[in-house]
Each structure stands twice: as C-alpha cells, then as structure tokens.
Amino acid sequence: MPWPRPGTQPWPPVDVRLARTPCPTGRVPSASLPVDGGRRSGPCIPAGGICLLVLSLRPGAGRVQMPNPQLLVLFGSQTGTAQDVSERLGREARRRRLGCRVQALDSYPVVNLINEPLVIFVCATTGQGDPPDNMKNFWRFIFRKNLPTTALCQMEFAVLGLGDSSYTKFNFVAKKLHRRLLQLGGSALLPVCLGDDQHELGPDAAVDPWLRDLWDRVLSLLPPPPDLAEIPPGVPLPSKFTLLFLQEAPSTGSEGQRVAHPSSQEPPSESKPFLAPMISNQRVTGPSHFQDVRLIEFDISGSGISFAAGDVVLIQPSNSAAHVQQFCQVLGLDPDQLFTLQPREPDVSCPTRLPQPCSMRHLVSHYLDIASVPRRSFFELLACLSLHELEREKLLEFSSAQGQEELFEYCNRPRRTILEVLCDFPHTAAAIPPDYLLDLIPAIRPRAFSIASSMLAHPSRLQILVAVVQFQTRLKEPRRGLCSSWLASLDPGQGPVRVPLWVRPGSLAFPETPDTPVIMVGPGTGVAPFRAAIQERVAQGQTRNFLFFGCRWRDQDFYWEAEWQELETRDCLTLVPAFSREQEQKVYVQHRLRELGSLVWELLDRQGAYFYLAGNAKSMPADVSEALMSIFQEDGGLCSPDAAAYLARLQRTQRFQTETWA
C-alpha cells in the first residue's frame, strides 16, 4: 500500500488527479508523463494496462485555484440529503472553476443576504410541512412582516426542494421559500425544483435535469476564467483535509471527546455534549412482542441541562466495535494510528467533534457514518479513487444518471451500508487514500428523541422511550438502526455507561394557564412527549389532561399503564386507549376520537382546549386530521369549507400542534 503507515513520513499535501494514459514503461515503479501541459513524476500503478499516475506535488499544492467566492449555496437539512446535494453543487462549481461557499442556513448571517448576488437554496421539508432544524432561525427571520419588498432586489436565486409526495405538504418549505424570495424582490433563475423521494429514481430524477439548466444559467452570469479549463468528472478534486500521521504518541494531551464539564458556563451542545451516566435501560414491551422498546434513564446532575415538556434530547451514537474493526481491515488501516487533521483551504475548519490528535479508531467509531446507506456522491468519488479497472467501471455505472435504477436495486432497496459496499469493492477500498475519508463518508448525525419525563417529577433525571429499529431485507444480515441498536446494547448493570447528549427546544409548547384543557393523541412511542407534559402539568396542578393512546395489545405494548391508571384515580387524567389488534376490526386513535366527537368538540370550541399530535408521520396525522374534520362537521355542525377553515385557525393560533417523524 502506498499510503503512510505507522513509523513512516506522511505525504505532503498532494493533488491526486489520476492521469489515465498507456504506461510507456510497462510495469515500472514510476513514470514521468505530460499532464495538463507539464511534466510530473509519481508512482505508476498498473491496472489492467492503464497507467494511473498519482501526481505528487510540493507542500501546499493540491488546491484548485479559484477566484473570490461568487456563488453561495445555503441548505436546510434534517437527514443529510439536502446537505449532500448542496455539497454536490459546491463540487460542480469547483469543477467549473467557480468560487462557491456551502453553509447551513442557520450558520449563515442572514442579514448579509442583501449583499449576495447569486444564491442557491437547498431545502428539505420535514414532518407536516416544517423546515429542518438547521434553518428554523432563518425561516423566522425571512418571514418577518417588516422586511421591505425590495430587500433582495439585487439577488438572483434558485430553490431546490427535497420532499416526499406521499405527504400532504409535499416540498412545502421550498415552495413557500421560493414565493417569499420573490416577494422580497429576488429574481428567480429557474422554477423551483421539486425532488421526490417517492420517484423510482429518487430525488435525482428531478434534480439532475434541473442542475443542468442551473449551470447553463449560472455560467452565463459568471463565466469562468478563459485560461482555466473545466476539471473533468473522472478527476477527483483535492480532499478537504490532509491527515498528518504521527510517528509516536504526543507527550502531552490525550485523545477524548470534547465534552461539557459541570463547571462550564455554557449548556451542553453538539460541539460539547454532556457525557450523561445511563442509570437504567429497561425493555418495556412484552417478551413475545415483535418490537423491542426501551425506557432509558440518564443522570444529568451537574450538567447545566434544563428542559420543559415538549423539548428534545439529541444523542450522538457510535459504531459497533465489530464494524470498526472490519472497516479498518478492509481499508488496511491501523486503528491505533494517531494523526492530526489539517484543512487544505483557509476557509475550511476542522470538525469540532474530532480531537487533535485523533486515532483512526476514534475517527471510525465516533465520526464516520459507515453504517449509513451511501448516496450517489459516494460512488462518484469512489470511482475517481478506484485503481481497479473492473470495480471502477461498475462504480462509474452506479454514479451515472443512467445507472440510478440499478443503484437503487443494489443499494437503496436492500439498505446496503457503506461498510458493506466497501466489502463488495475490496480492491478499491484497500487503495482509498486516508486523506479522502472525510470527503467520502458523511459524519454520524445526532438522533433526536422526545424527552419522556419532567424535571418536576424526576429531578436531575432524563428519560426517553426508544423503539429499537431492526428489519429484514433481501440481505442476509438484518438492518439495524445505528442509534437505537447502540443504545439497546448498553448495559449499565455491567459497569459505568456514559452517553453524549444535549437538549434543544422541541416543536410542542403547552399552555401555562391552569384551566386550559389539553387533548393529546400519541400512538406508540408518540406518547413520550405527552408523558413529560402530563407529569409537568400534574405537578403544577393542571388536571384537565385528555390522552388518546394507541398500541397493538394491552399486555404487550401499553406503555406506562400503571402510571396512567394511578393518575386516573386522582382525577388528573382522562385516558382513552385504542388497542388495534384485540378485536377483529382494527381500532386506531382516530376511531376513538370520532367515538368521543362531542367531547372533543366541546373541549375545543367551548373550553379553548389545545390539541396535540405526536408519532409516525406517514398516514396517522392525515387520518387524525380527517377525524377532526368529521367531528367539526357532525358534532359542530360546520360545512366542509368552514370545518377546513376551523382546523386551519387552530393550527395558525398554535392550538393544534404536531411532532411527527418518519
């Protein structure tokens, strides 16, 4: 292997463009060949009669010369797809010799938009038409009513949306943002792009042709320098970072996760999470139930964490030790090798979650998402880096527009992971330069869980309800959710367990007035935030709580049954359960709502109740909304248009709130 290993000198920053030309010297270790009009020397690695010349350059080389940034790409991403598309835009801009910045919307100073001439917005839609978490501050700002209608009159823009047409508010965020930018005086380069997860080829079916049109428009506005040719697709761009390997462990400092300390003035955050001791990890579904659901409790004493009902805890998971070992074996990496990370470009910063120095084991365990399903960009870069002719040919096919159907069958449908793909392409995997690991593999994203307890009932404790994700595809190995499986594997009874976490406000806010009734609909693990709310409200003397809870079987997945019953005896709760499988005809929460339609109407219309819904975002929210529409018509006497307007008014005044997840 030509890449640095323990005890060897690291390479300087290099431009690893691969010059594909017949090798004039056969199987000679090195060759000097003309590339881009000059001559460079480097190792010549024969692969099926093709000479792959790795250009080794002087320290500091390898940067693509760009003019000052001219194009700005801003993204709002919940699961990483919008960020991936944005980074693709950044790469395509660099290939066209255009300066480009790529940022999350909430990390960009939004007041600077008035000075931006050309901006591409890439936005996902989450839940029931909600913006992603990392663009919520931007969303609130851009819809301020006092913004002048000429605020963005100097800006050309385009909006690329990513959504799922099976949801009612398909690409709602992108559509609404496009309209708002026009209202503020912006000029649209193109109609809004509506990427659809439900298309057989995924969002790329809409994104690919839209991007072709976009670059035509952009290059007409920002023609590249005439003396710089476009960088071909098969040539890898320089990596974002250089890994400088250390020959021996540093004498000072120690590797470890950046964490929030009890004495810190700042609350825990993603860059500095709190390592919370796990107190208990209890299965709360019956032994014969198809799903493993856990009630997990953490000790947050001294963390500075505080939360209210409706707030969310974010947990940073890790890869399993077995997967880490397998990954290092496939790539020929030493897990104990220490390195420091050095950005190639001045405007790129090192990930705050990685210590300096860092070991390969830490990088793979805590940062690289090797258990995720790879995106098309993974195959594009892997094809550029491949030194094996047959494997490279297949990777190029997967990364092409024509190969997306085959890629879907190979990767997306069976949920094949990055680690499994690398095992399927062993020659390519073994030759991946370590410098490209952070370009090739995305970072592990934190997972959000509704907090299921109140600090008023459980001081210094935080509880979550976790459904362990496991399902079978045509692959032999079951598919497992990274975070839920990792949490389920932790056993505080076998020794101390600490989990990195932090808290952020959720989307649910409960009324503070003592007499306001609250109707909560929470099937399955959707009941978690309502347990926190009920505990908090009861502790504050608010007893007008109505809970519609749905599960399959009373004796298998009726979470907190005893707790609900005890609250009922104290007249602090009205519980309406729906057990879907205990009778021939399935009964869900929407059926129980209709059965008690007169009570629901009375609470909403005459007593000013708030209505809350939490759970799976697929069909349940639409079914509940349909049940409410029926109640408004049958029990409220409204016609269909008035019932729809009534529901919209509840949503607009925050008396109908939802928290849903895919």
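Just so we're clear, the structure is a prediction, and the values are computed from it rather than from any experiment. (Residues numbered from 1 in each chain as written. Predicted model: local features only at pLDDT ≥ 70, side-chain atom pairs only at ≥ 80, totals over all residues. Heavy atoms only, no water.)

Quick look at the overall build of the protein now. Secondary structure assignment for the protein yields 19 helices and 26 strands. In the protein, of all internal contacts separated by at least 6 residues, the share reaching a separation of at least 24 is 75%. Counting every atom, the protein has about 29,900 Å² of accessible surface; 51% of that belongs to carbon and sulfur. (Helix = DSSP H or I, 4+ residues; strand = E, 2+ residues; numbered from the N terminus. Contact = heavy atoms within 4.5 Å. Areas by Shrake-Rupley, 256 points an atom, 1.4 Å probe, with all protein chains shown as cover.)

Glancing now at the UniProt feature "binding site: NADP(+)" (unreviewed entry) in the protein. Taking the UniProt record as the reference, the feature "binding site: NADP(+)" (unreviewed entry) is found at T525, S580, R581, K586, V587, Y588, V589, Q590 and D623. Here T525 shows up in the loop between β22 (518-521) and α14 (528-539). With near-sequence residues (within four places) excluded, T525 lies in contact with V293, L465, A467, Y559 and W661. Mapped onto the elements, Q590 comes out in helix α16 (residues 589-595). (UniProt positions renumbered as here; feature names shortened; annotations may be inferred.)

In spatial order, the strands read β11-β15-β16; together these three strands make up an open sheet with antiparallel pairing. Each end of this open sheet is capped by a strand with a single partner; those strands are β11 (241-245) and β16 (358-359). (Pairing = 2+ DSSP bridges.)

Paired through their backbone hydrogen bonds, the strands of a sheet run either parallel or antiparallel. With antiparallel pairing, the six strands of this open sheet are ordered in space as β17-β14-β21-β12-β13-β18. Looking at strand neighbours, the two that pair on one side only are β17 (447-450) and β18 (461-467), the edges of this open sheet. Across the sheet, the mean angle separating the axes of adjacent strands is 40° when strand polarity is ignored. As paired strands, strand β14 (residues 312-315) and strand β21 (residues 498-504) are joined by four bridges and run antiparallel to one another. Each residue of the ladder has a partner; that of V312, found in β21, is R504. (Axes fitted to C-alpha atoms, helices over the stretch in contact; angles between N-to-C directions.)

Right, let's talk about the nonpolar core for a bit. Counting 42 residues, the largest nonpolar core has F327, L363, L422 and L437 as its most contacted members. With six residues, the single largest contributor to this core is helix α7 (residues 376-385). A309, V527, A533 and W560 belong to the second largest nonpolar core, which has 30 residues in total. (Core = buried A, V, L, I, M, F, W, Y, C linked by side-chain atoms within 4.5 Å. Buried < 20%, exposed > 50% of the residue type's maximum accessible area, 1.4 Å probe, protein only.)

Turning to helix α19 (residues 640-652), a few remarks are in order. Between its first and last C-alpha atoms α19 spans 18 Å; for 13 residues at 1.5 Å apiece the expected length is 18 Å, and the two agree. Buried residues along α19 sit in contact with α17 (597-606), α18 (620-634) and β26 (656-661). One or two residues past the end of α19 sits Q654, with phi positive at roughly 65°. (Expected span 1.5 Å × (residues − 1).)

Contact pair α14 / helix α15 (residues 561-569): the axes reach a minimum separation of 12 Å and the direction vectors enclose 30°. The angle between α14 and α15 places the two elements in the roughly parallel class. For α14 against α15, the interelement crossing comes out left-handed. The segment α14 lies against α15, with R531, I534, Q535 and V538 engaging E563, W564 and L567. Among the residues making up the contact of α14 with α15, the classes are represented as four nonpolar, one polar and two charged. (Parallel < 35°, antiparallel > 145°, perpendicular 65-115°, else oblique. Left-handed = near helix turned anticlockwise from the far one by under 90°. Nonpolar A, V, L, I, M, F, W, Y, C, P; charged D, E, K, R; others polar.)

Mapping Q463 onto the fold places it in strand β18. Residue Q463 is classed as buried on the basis of its relative accessible area, which comes to 6%. Within polar-contact distance, the side chain of Q463 engages the side chain of E297 at 3.1 Å. A polar atom in the side chain of Q463 sits 2.5 Å from the side chain of R531. (Polar contact = N/O pair within 3.5 Å; in protein donor to acceptor, adjacent residues only side chain to side chain.)

With that settled, the discussion passes to the UniProt feature "binding site: FAD" (unreviewed entry) in the protein. Under the present numbering, the feature "binding site: FAD" (unreviewed entry) in UniProt falls on R415, R447, A448, F449, S450, G481, L482, C483, S484 and W661. Within the element layout of this structure, R447 appears in strand β17. Once you skip the residues sitting within four places of it in the chain, R447 turns out to touch V313, L314, I315, P317, L482 and C483. Assignment of secondary structure puts S484 in helix α13 (residues 482-489). When neighbours within four sequence positions are excluded, S484 is seen to be in contact with V466, A467, V468 and V469.

Right, let's talk about the packing of aromatic side chains for a bit. Summed over the entire model, instances satisfying the criterion amount to 16 aromatic pairs. Taking 4.9 Å as the distance between ring centres and 10° as the angle between the ring planes, the aromatic pair formed by F398 and Y410 counts as stacked. Note that F398 is positioned in helix α8 (residues 389-399) and Y410 in helix α9 (residues 404-412), a separation of 12 residues in sequence. Residue F398 is classed as buried on the basis of its relative accessible area, which comes to 2%. For the pair F611 and F656, a centre-to-centre distance of 5.3 Å together with 90° between the ring planes defines the contact as edge-to-face. Highlighted residues: F611 in strand β25 (residues 610-616) and F656 in strand β26, separated in sequence by 45 residues. The two residues F611 and F656 agree in class, both being buried. Each member of the aromatic cluster is reached from another via a ring pair, and the members are F378, F379, F398 and Y410. The ring centre of F172 lies 5.0 Å from the NZ or CZ of K169, which sits over that ring. (Phe/Tyr/Trp six-rings, centres within 6.5 Å; stacked < 30°, edge-to-face > 60°. Lys NZ or Arg CZ within 6 Å of the ring centre and 35° of its normal.)

For α17, the full list of buried residues reads G597, V600, W601, L603 and L604. For α17, the angular spread of buried residues about the axis comes to 165°, placing them on one side. When the buried face of α17 is taken as reference, the exposed residues oriented beyond 90 degrees from it are S598 and R606. Lining the buried residues of α17 we find β22, β23 (545-551), α16, β25, α18 and α19. (Arc of directions from axis to C-beta.)

So, about the packing of α18 against α19. For the pair α18 and α19, the least separation of the axes is 9 Å and the interaxial angle reads 120°. Between α18 and α19, the crossing angle belongs to the class labelled oblique. As α18 packs across α19, the resulting crossing turns out to be right-handed. Residue-level inspection shows S625, L628, M629, F632 and Q633 of α18 in contact with α19, the latter providing S640, A643, A644, Y646, L647 and L650. Taken together, the residues that form the contact of α18 with α19 break down as eight nonpolar, three polar and no charged.

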